[in-house]
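# Residue-level structural notes
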Amino acid sequence: MGMPVDMLQGTLGPVVLGGAMIGLALALLRILTGRVMSASGMIGSLLGGREGLAATSIAFIAGMFISPSVLVAVGHAKQLPLEAGWPLLVVGGLLVGVGARLGSSLLGSIHGVTQLSGKALATILAIMAGAGVAGALRQILGAGGVA
Amino acid sequence: MIRLAALFCGLLCGAGLILSGLFQPGLLQDLLSPDGVGDMTLGLGLLSAVGVAALVLVLTRGLSQPLLGGENERPAAGQTGKAVVGGVLFGLGWGLAGFFPLAALAALGLFAPGAAVFLASVLGGMVLHDLFANRGRFRIEGLRSRG
């Protein structure tokens, strides 16, 4: 569904603003609570780990969960995601879960990059490489799912 | 107070993902799209997030511990090799499913059924990883229990 350029320009403002909000959330969470805003940290700590981490994770996840409703309440148009088919969601989810448990996740690596971590940069490149392979696989298999 | 801060950060991050549309699974496919004009929406949003996070974290780098107490969560231990393997798996899963975990959390707030399937699979992947990594003797049972 490659967006034509004019459509991209129409969404440029919200994209930059939304990205900035994500970055601000990541930094604030770190400054205020010391936590890393990542799948490994926020979802992984639900499965056990250091005492007390799960409570902040649950609070963070609750915030994420209610955020669309808050936006809708203040008048933002509700837009549902165009999701892949369930087999892809299950296989993809399992791979993401294993990867996150190995310490690699998108936002966790973004956090690492802000700390000038070479490991985090290598991880991001690995993530993009994996995503590229997956994209090619989906082209070959014709497993669209996403409109 | 820490939990309230975490809730607020979750709200901010979720709102950013929804407002920018960055939670949309199709964006990664668009970015990687081989048919010419790769859509840069995702790249732009993530760059914006990295920029703001880095700026705020650099400005506050004098802080030795979180403002609300506790200690800073350390980056996941382990070598770069492991992180790269994890990154490739994470990227493969992201590319196949279209969601990264925090995007799926925001989509869950829109009651998108696929996001729930994906997140359940992420948890499943984490549990699978733990079974393999920490308790090899449960390997067979772990596989059996997943059918």
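Residues numbered from 1 in each chain as written. Chains lettered and ligands numbered in written order. Predicted model: local features only at pLDDT ≥ 70, side-chain atom pairs only at ≥ 80, totals over all residues.

Scanning chain A from terminus to terminus reveals 7 helices and 0 strands. Put simply, chain A runs from its N terminus to its C terminus through helices and strands in the order α-α-α-α-α-α-α. Considering only contacts within chain A whose residues lie at least 6 apart along the sequence, 50% involve residues at least 24 apart. (Helix = DSSP H or I, 4+ residues; strand = E, 2+ residues; numbered from the N terminus. Contact = placed C-beta atoms within 7 Å.)

Assigned secondary structure in chain B consists of 7 helices and 0 strands. Taken from the N to the C terminus, the helices and strands of chain B come in the order α-α-α-α-α-α-α. Sequence-distant contacts in chain B: of pairs separated by 6 or more residues, those separated by 24 or more amount to 38%.

Another aspect to go through is the confidence of the model for chain A. Residues and elements named next belong to chain A. Considering every residue of chain A, the mean pLDDT works out to 86; 89% of them sit at 70 or more. Model confidence for chain A, summarised as mean pLDDT per element, is weakest for helix H1 (residues 5-10) at 47 and strongest for helix H5 (residues 86-101) at 95. This model gives residues 1-9 a pLDDT under 50, and the stretch forms 14 contacts once residues within four places in sequence are excluded. (pLDDT = per-residue confidence, 0-100.)

Attention now moves to the packing of helix H1 (residues 2-20) of chain B against helix H5 (residues 101-108) of chain B. Residues and elements named next belong to chain B. With their axes 9 Å apart at the nearest point, H1 and H5 run at an angle of 85 degrees to one another. By the angle class used here, H1 and H5 are roughly perpendicular. Here Cys13, Gly14, Leu17 and Ile18 of H1 come into contact with H5, specifically with Leu102, Ala103, Leu105 and Ala106. Each residue belonging to the contact of H1 with H5 can be placed in one class, and the counts come to 7 nonpolar, 1 polar and no charged. (Axes fitted to C-alpha atoms, helices over the stretch in contact; angles between N-to-C directions. Parallel < 35°, antiparallel > 145°, perpendicular 65-115°, else oblique. Nonpolar A, V, L, I, M, F, W, Y, C, P; charged D, E, K, R; others polar.)

For the rest of this paragraph, the subject is the packing of helix H6 (residues 106-114) of chain A against helix H3 (residues 41-59) of chain B. Two elements in contact, H6(A) and H3(B), have axes separated by 9 Å at closest approach and are oriented at 45 degrees. If you check the angle between H6(A) and H3(B), you find them oblique. The interaxial crossing formed by H6(A) with H3(B) has right-handed handedness. Contacts between H6(A) and H3(B) pair A:Ile110, A:His111, A:Val113 and A:Thr114 from the former with B:Leu46, B:Ala49, B:Val50, B:Ala53, B:Ala54 and B:Leu57 from the latter. Among the residues making up the contact of H6(A) with H3(B), the classes are represented as 8 nonpolar, 2 polar and no charged. (Left-handed = near helix turned anticlockwise from the far one by under 90°.)

On to the interface of chain B and chain A. It is common to give the size of an interface as the accessible area that goes away when the parts come together. With 103 residues of chain B in contact, the opposing surface of chain A contributes 99 residues. For the side of chain B that touches chain A, the secondary-structure elements that each account for two or more residues are H1, helix H2 (26-32), H3, helix H4 (80-97), H5 and helix H6 (113-134) of chain B. The leading source of residues in the side of chain B that touches chain A is H1(B), at 18 residues. Per-class residue counts for the side of chain B that touches chain A are 64 nonpolar, 31 polar and 8 charged.

Moving on, we come to the nonpolar core. Grouped together as the largest cluster of nonpolar side chains are 87 residues, with contacts concentrated most on A:Ala25, A:Leu26, B:Cys9, B:Leu102 and B:Ala103. Ignoring sequence-local partners within four residues, the contact set of B:Cys9 consists of A:Ala25, A:Leu28, A:Leu29, A:Met37, A:Phe60 and A:Gly63. (Core = buried A, V, L, I, M, F, W, Y, C linked by C-beta atoms within 7 Å. Buried ≥ 20, exposed ≤ 12 C-beta atoms within 10 Å, placed from the backbone.)

In this model, A:Leu116 sits at a positive phi of 60 degrees, which is unusual for a non-glycine residue. Of note in the backbone geometry, B:Phe111 takes a positive phi value of approximately 60 degrees without being a glycine. With respect to the secondary-structure elements, B:Phe111 resides in the loop between H5 and H6. When the 13 C-beta atoms within 10 Å are taken as the criterion, B:Phe111 is described as partly exposed.

Looking now at H5(A). Taking 1.5 Å of rise per residue, 16 residues should cover 22 Å, and H5(A) covers 22 Å from first to last C-alpha, within 8% of that figure. Counting buried residues along H5(A), 13 of its 16 residues qualify, which places the element largely inside the surrounding structure. (Expected span 1.5 Å × (residues − 1).)

Once that is clear, we can look at the environment of B:Trp94. With respect to the element layout, B:Trp94 can be found in helix H4. Separated by 66 residues in the primary sequence, B:Trp94 and B:Leu28 place their C-alpha atoms 8.3 Å from one another. Excluding its chain neighbours within four sequence positions, the residues that come into contact with B:Trp94 are A:Gly92, A:Val96, A:Ile127, A:Ala131, B:Leu28 and B:Phe100.

A separate point is H6(A). For H6(A), the tally of buried residues reaches 8 of 9 residues, placing the bulk of the element in the interior. Burial in H6(A) covers these residues: A:Leu106, A:Leu107, A:Gly108, A:Ser109, A:Ile110, A:His111, A:Gly112 and A:Thr114. For H6(A), the secondary structure elements touched by its buried residues are helix H2 (12-33), helix H3 (39-43) and helix H7 (118-141) of chain A together with H3 and H5 of chain B. Positioned one or two residues after H6(A), A:Leu116 has a phi angle of 60 degrees, which is positive.

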